[in-house]
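Coordinate analysis (summary)
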Amino acid sequence: MLGIKKQTRYLAFGLNIASDFDFPELKQIDSESSSYDIEIKLSLEDRSGQYAEAYDKPNTYVVTDHSVQFYIPNVALFAVQHGRQISVIPMKDSDENQIRLYMLGTCMGAILMQRRVLPLHGSVVAIEGKAYAIVGESGAGKSTLASAFIKEGYQLLTDDVIAVSLSEEGSNPYVTSSYPQQKLWQESLASFGMETSQYDSIFGRETKYNVPMAANYFAGTLPLAGVIELVKSEGNEAEIRPIEKLARLQTLFEHTFRNFFVSQLGLTDWHFHTSVSVVKQIDMYRLSRPMKGFTAPLLVATILQAINKEE
């Protein structure tokens, strides 16, 4: 059972986080200031209070205009509120690693949305001082492709949840880095010549691993220059094509992290206008990759060729 302790300060997604939990994945910061952007609190169980509905509907999202709550039996009750606070009530004998997966995934995606930051689902790499997001369905190979870029000397900004904001004048999109870690499947590690014994497996996924990226990580913000949607193909060749017109808006919505929160949080208009501003300023491509064989290095070359043509 987790115990309450002195709060530790962390930096992720450009946000100062005061947390009752330890996050070895995140950058710890020293802060004498009492102010913070997000507070992560360990709370006591109360099944008859403000979280009663979530307890009554396990494995279901209970969403209002300002709150996202969900209860995972044998794990924890999570409540994300007002873009400022994540409350967590761990269950007896729950695993802290599993709880952190939900906090850094669904909870962080929800709190970014509440803060009017567009959360996309994918990986981002820095190429010539610009951010390029790789999005796609689960299993498309987003993290593997990002890792192939890293092998070529490029840097990672984020993996899994992508924080996209607009400049103060509302016209230029940019990405803020998250934390220096990737999640890679065992076969991807093997293809890159990396030993699984060097990494910790992700809770509940014995063949997927947390891979620290401190040496190949860009910390800060970069202008978002492009979004590449990665899709699997039955063909034998990689093919990249521009995404045009209204399909660009649909692609952004499809790859918004937990996109069903958009309407439930009353953010449909905000998401639409933000997406319109984003797609006006970036290039967008659909990259089809062969399902057979390890093609990540080829895909890197394909993307770089497309980007250079645009320039």
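Along each chain, the written sequence defines residue order, and numbers are assigned to residues from 1. Local features in this predicted model are restricted to residues whose pLDDT is 70 or higher, and side-chain atom pairs enter the listing and the counts only when it is 80 or higher, whereas totals over whole chains, interfaces and linings include all residues. For side-chain calculations, the full set of non-hydrogen atoms in the structure is used, while hydrogens and water are omitted.

1. What about the overall build of the protein chain?
Within the protein chain, the secondary structure is distributed over 8 helices and 18 strands. The quantity called the radius of gyration is restricted to C-alpha atoms. Its globule counterpart is 2.2 Å times the number of residues to the power 0.38. Expected size for 311 residues packed as a compact globule is a radius of gyration near 19 Å; at 19 Å, the protein chain falls within 12% of this value. We call a residue buried when its accessible area falls under 20% of the maximum for its residue type, exposed when it is over 50%, and partly exposed in between, using a 1.4 Å probe and counting protein chains only. Within the protein chain, buried positions represent 53% of all 311 residues. Contact between two residues is taken to exist if any of their heavy atoms lie within 4.5 Å; hydrogens are not considered. Taking all contacts inside the protein chain whose residues are at least 6 apart in sequence as the whole, residues at least 24 apart take part in 65%. All accessible areas in this document rest on Shrake-Rupley with a 1.4 Å probe, and a residue is counted as covered only by the protein chains that are shown. Total accessible area computed for the protein chain in this model is approximately 14,800 Å², and 45% of it derives from carbon and sulfur atoms. Positive and negative side-chain charges of the protein chain, numbering 28 and 36 respectively, have mean locations separated by a distance of 2 Å. Every helix listed is a DSSP run of H or I at least four residues long, and every strand listed is a run of E at least two residues long, numbered separately from the N terminus. When charges are counted, Lys and Arg are positive and Asp and Glu negative, with His and the chain ends excluded. We put the charge of a Lys on NZ, of an Arg on CZ, of an Asp on CG and of a Glu on CD.

2. Section: the confidence of the model for the protein chain
On average, the protein chain scores 90 in pLDDT, and the residues at 70 or more come to 96%. Looking over the protein chain, one finds the lowest element-wise mean pLDDT in strand β15 (residues 205-212), namely 74, and the highest in strand β10 (residues 130-135), namely 98. The predictor attaches a confidence to each residue, and that confidence, scored 0 to 100, is pLDDT.

3. With respect to the packing of helix α5 (residues 246-254) against helix α7 (residues 268-281)
In this description, a line fitted to the C-alpha atoms serves as the axis of each element, helices being fitted only across the stretch in contact, and the angle between N-to-C directions of two axes falls anywhere from 0 to 180 degrees. Direction vectors running N to C along α5 and α7 enclose 120 degrees, while the axes themselves pass 10 Å from each other. As the angle between them shows, α5 and α7 are arranged oblique. At the point where α5 passes α7, the crossing takes the right-handed sense. Residues R248, L249, L252 and F253 of α5 form the contact with α7, whose own contacting residues are H271, F272, S275, V276, V278 and V279. For classification purposes, angles smaller than 35 degrees are called roughly parallel, those larger than 145 roughly antiparallel, those between 65 and 115 roughly perpendicular, and all remaining angles oblique. Helix crossings are classified by the rotation of the near helix relative to the far one: an anticlockwise turn of less than a right angle makes the crossing left-handed, while a clockwise turn makes it right-handed.

4. Things to note about the sheet that holds strand β7 (residues 76-81)
Strands are treated as partners if at least two bridges between them are detected by DSSP. Pairing in this open sheet of 8 strands is mixed, and the strands run β3-β1-β2-β4-β8-β7-β6-β5 from one edge to the other. Two strands close off the open sheet at either side, each with one partner strand: β3 (27-28) and β5 (61-63). By the bridge criterion, 2 bridges tie strand β1 (residues 8-12) to β3 in an arrangement that is antiparallel. For L11, the partnering residue across the bridge sits in β3 and is K27. Along the sheet face, helix α2 (residues 96-114) touches β2 (15-19), β4 (38-42), β5, β6 (67-72), β7 and β8 (85-90) and points at about 20 degrees away from the line of β7.

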